[in-house]
Amino acid sequence: MRYLIDNPATVLRLLGQQLWLTLTALALASLFALPLGVLAVRSPRIRGPLLGILSIIYTIPSLALFVLLIPFMGLGFAPALTALVAYAQIILVRNITVGLLGVDPAVLESARGTGMTAWQCFWRIEVRLALPVILAGLRVAILTTISIGTLAAFINAGGLGTLLFTGVAQSHPDKILAGAIGVTALALAANAITRALEGRAIRVVRGNGSGG
Amino acid sequence: MGAIDIEHVHKRFPGFTRPAVEDCSLVVESGELTVLLGPSGSGKTTLLKLVNRLYEPDAGRILVDGTDVRTIPGALLRRRIGYVIQQVGLFPHLRVEQNIATVPQLLGWPRLRIDARIDELLDLVGLPRSYRRRYPRHLSGGEQQRVGLARALAADPKIMLMDEPFGALDAITRARLQDEFRMIQQKLHKTILFVTHDVDEALRLADRVAVMRTGRIVQHDRPLAMITRPHDDFVRQLLTSDDVLRQLSLVPVAAVVGRLAGAPAREGPTMGEGPAVRASDSLRAALSLLLQSGAPALTVIGNGGSPVGRLTFDDIRRAVLASRAEAQR
């Protein structure tokens, strides 16, 4: 614990780096995943191959992918971000697809029947009702991004993983402990926040949401 | 020209050899309820969905109030046409009041007007106003369909499309909703196209019935005419036209008593004897009452509550024979 107590500024700086990497990766990943998920729902012929390709990407070991990207992108933030965005795709796209497909067809038909435009159907009905499943995917994606993102320190992307790698190299158990505690705290906090959001979305969908 | 004119409409779905709807023409008069009746797969629902452009026809055209529906953007068209489906399809994440307000909101009504309209509709469909704040899952199946009906009526559309709206309800709830719906229709006079495979429901509610079979309209007629003069064996079997009791259930007592209009004076002395039956009741109910009570005659009570005539077993027999003779002509 000594290291953590003696160097709070360093640990906080690394935590900040990792938080930044995690959040940009998730934002960027969602930007790709949302249209891909909608595409998978709208055209069943694309769905299978798309999810297949995304799962293959997910099976590539993370350290291998980081190293593979070095010739193209060098070291640091950019290859780490690229890898994290790629890994998150299958989790996000699959949950968006499952969530949207799970919306009761009768509800959709009556939404169209009342004269909602395609966009109104999508935004006011489909997305709202699919939200619990989509958020469940987001939660798993966040936890995956935090854990894989920790390894990104290996290619100089910073973050709390730095403490783990240098701690091992320098046989400095206190450093390793500080890194481990930091990452675990980050993951637990992210889990708690997204779980709360998920619970709220479930209550809304079930029809006993905000304000009873 | 009717409120809905369907002219030689064809629709074939990709991957099917047989068209779902084949050369269908149908006029739905303004203020009337026309039932599309037929076995499943006969194309009733497809024809219905062609009217509000949930499906597009391959050929032919459909006019609503004289306007070709293809000239109106689908979403705008559907805001002008009430739509009720069997599975109700209420939005589970929205309160009853928000569900009902859907179309008025899409049309941009001011909030106060929507608010007043929601109360009006809850009264109309027989739900307490306290239901406004509830969510659909807290309602029974029958209550949900009442909300579904209120949602469809919200913007006061002239035309309603109803796809087996009472099909998923238990028998008792269904009968009650049919009765209430008939009263609502008597008040509002909407132009309604109503899909069902339930013959009793069709005969109970319809001003006119269009029987469909394998994508075609086989016969389009008033219920009684259809039962007494079925176009072919298919219609005869579907409507069980040979069932005399069913025919009687479609004829009001008034139709027979009307022929005795001049009689009351002659039969004066016996007036007021025997159990009472309302002039609006069916002959079937009257027959049942005659058999049950063992009385030789029933007293017919008019709308005002006073006796207007007598009905004997013989009157009913003559009515049946008359309709038979008419059918053979």
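Residues numbered from 1 in each chain as written. Chains lettered and ligands numbered in written order. Predicted model: local features only at pLDDT ≥ 70, side-chain atom pairs only at ≥ 80, totals over all residues. Heavy atoms only, no water.

Chemist: Looking at this model, I keep getting lost on the overall build of chain A. Mind explaining?
Modeler: Regarding its fold elements, chain A presents 9 helices and 0 strands. Walking chain A from its N terminus toward its C terminus, one meets helices and strands in the order α-α-α-α-α-α-α-α-α. For the C-alpha atoms alone, the extent of chain A along its principal axes is close to 65 × 45 × 20 Å. In chain A, buried positions account for 45% of the 212 residues. Long-range contacts, defined as pairs at least 24 residues apart, comprise 76% of the intrachain contacts of chain A with a sequence gap of at least 6. As presented, chain A carries roughly 10,400 Å² of accessible surface, and 73% of it is formed by carbon and sulfur atoms. (Helix = DSSP H or I, 4+ residues; strand = E, 2+ residues; numbered from the N terminus. Buried < 20%, exposed > 50% of the residue type's maximum accessible area, 1.4 Å probe, protein only. Contact = heavy atoms within 4.5 Å. Areas by Shrake-Rupley, 256 points an atom, 1.4 Å probe, with all protein chains shown as cover.)

Chemist: Got a minute to help me understand the overall build of chain B in this structure?
Modeler: Of regular secondary structure, chain B possesses 14 helices and 13 strands. Of all 329 residues assigned to chain B, the portion counted as buried reaches 52%. In chain B, of all internal contacts separated by at least 6 residues, the share reaching a separation of at least 24 is 64%. Approximately 15,200 Å² of chain B is accessible, and the part contributed by carbon and sulfur atoms is 51%. In chain B, the 45 positive side-chain charges and the 37 negative ones have mean positions that sit 4 Å from each other. (Lys, Arg positive; Asp, Glu negative; His and termini not counted. Charge placed at Lys NZ, Arg CZ, Asp CG, Glu CD.)

Chemist: Is there a simple way to think about the side chain of K44(B) in this case?
Modeler: Residues and elements named next belong to chain B. You can see K44 is positioned in helix α1 (residues 44-51). Buried and without a salt bridge, K44 has E164 as its closest oppositely charged side chain, separated by 4.3 Å. Within polar-contact distance, the side chain of K44 engages the backbone oxygen of G38 at 3.0 Å. Among all residues touching K44, those that are not within four sequence positions of it are L36, L37, G38, P39, E164, V195, T196, H197 and M212. (Salt bridge = Lys/Arg side-chain N within 4 Å of Asp/Glu carboxyl O. Polar contact = N/O pair within 3.5 Å; in protein donor to acceptor, adjacent residues only side chain to side chain.)

Chemist: Is there a simple way to explain the confidence of the model for chain B in this structure?
Modeler: A low pLDDT means the predicted coordinates there should not be read in detail. Residues and elements named next belong to chain B. In the predicted model, chain B carries a mean pLDDT of 89, and the fraction of residues at 70 or more is 93%. Of the regions scoring below 50 in pLDDT, residues 259-269 engages in 6 contacts with residues more than four places distant in sequence or in other chains. Overall fold confidence (pTM) sits at 0.82, and the ipTM for the predicted complex is 0.82. (pLDDT = per-residue confidence, 0-100.)

Chemist: Can you help me understand the sheet that holds strand β13 (residues 307-312) of chain B in this one?
Modeler: Note on sheets: strands pair through backbone hydrogen bonds, and any given pair is parallel or antiparallel. Residue and element names in this part refer to chain B. In spatial order, the strands read β11-β12-β13; together these 3 strands make up an open sheet with mixed pairing. Each edge of the open sheet is held by one strand with a lone partner, namely β11 (276-278) and β13. Taking the axes of each pair of neighbouring strands and ignoring which way they run, one obtains an average angle of 35 degrees across the sheet. Across 3 bridges, β11 lies against strand β12 (residues 297-301) in parallel orientation. Across the sheet, the residue bridging to A276 is T299, located in β12. (Pairing = 2+ DSSP bridges. Axes fitted to C-alpha atoms, helices over the stretch in contact; angles between N-to-C directions.)

Chemist: What am I meant to see in the pattern of salt bridges here?
Modeler: As a working rule, side chains carrying opposite charge can pair if their charged atoms are close by. Residues and elements named next belong to chain B. Counted under the stated rule, the structure contains 28 salt bridges over all chains. Salt-bridge contacts for R222 lead to E32; the nearest nitrogen and oxygen are separated by 3.3 Å. Here R222, found in the loop between β10 (216-221) and α9 (223-228), pairs with E32, found in the loop between β2 (21-28) and β3 (33-37); they are 190 residues apart in sequence, far enough to count as distant. Look at R222 and you get partly exposed, because its relative accessible area is 37%. With a relative accessible area of 13%, E32 lands in the buried category. Here K158 makes a salt bridge to D65, at a shortest N to O gap of 3.4 Å. Separated by 93 residues along the polypeptide, K158 in the loop between α6 (141-153) and β7 (159-163) and D65 in the loop between β4 (59-64) and β5 (67-68) bring together distant segments of the chain.

Chemist: It is not clear to me how the pairing of β4(B) should be interpreted in this structure. Could you clarify?
Modeler: Here is the key point about a regular strand: its side chains alternate between the two faces of the sheet. Residues and elements named next belong to chain B. For strand β1 (residues 4-11) and β4, the ladder comprises 5 bridges, and the chain directions are antiparallel. Pairing of I4 across the sheet is with V64, part of β4. Direction of pairing for β4 relative to β5: antiparallel, over a ladder of 2 bridges. When the sheet's bridge partners are listed, V64 is paired in β5 with T67. Hairpin remark: β4 followed by β5, antiparallel, with 2 residues in the connecting loop; positive phi at D65, about 55 degrees.

Chemist: Please explain the environment of L21(A) as it appears in this structure.
Modeler: All names here are of chain A. Counting through the fold element by element, L21 comes out in helix α2 (residues 8-42). On the basis of relative accessible area, L21 is assigned to the buried category, the value being 2%. Sequence separation between L21 and T145 is 124 residues; the distance between their C-alpha atoms is 8.8 Å. With near-sequence residues (within four places) excluded, L21 lies in contact with F77, A80, L81, L84, G149 and A152.

Chemist: For this particular structure, what's the right way to read the pairing of β3(B)?
Modeler: All names here are of chain B. Most of β3 sits out of view: 5 of its 5 residues are buried. Along β3, one buried face is formed by L33, V35 and L37 and the opposite face, lined by T34 and L36, is buried too. For β3 and strand β8 (residues 191-196), the ladder comprises 5 bridges, and the chain directions are parallel. In the strand pairing of β8, L33 is matched with I192.

Chemist: Quick question: what am I supposed to make of a nonpolar patch on the surface here?
Modeler: Together, M1(A), I5(A), L177(A) and I181(A) give the surface a local cluster of nonpolar side chains, amounting to about 370 Å² of exposed area. Structurally, M1(A) can be placed in the segment before α1 (2-6). (Patch = residues over 30% accessible without salt bridge, like charges linked within 9 Å, V, L, I, M, F, W, Y side chains within 5 Å.)

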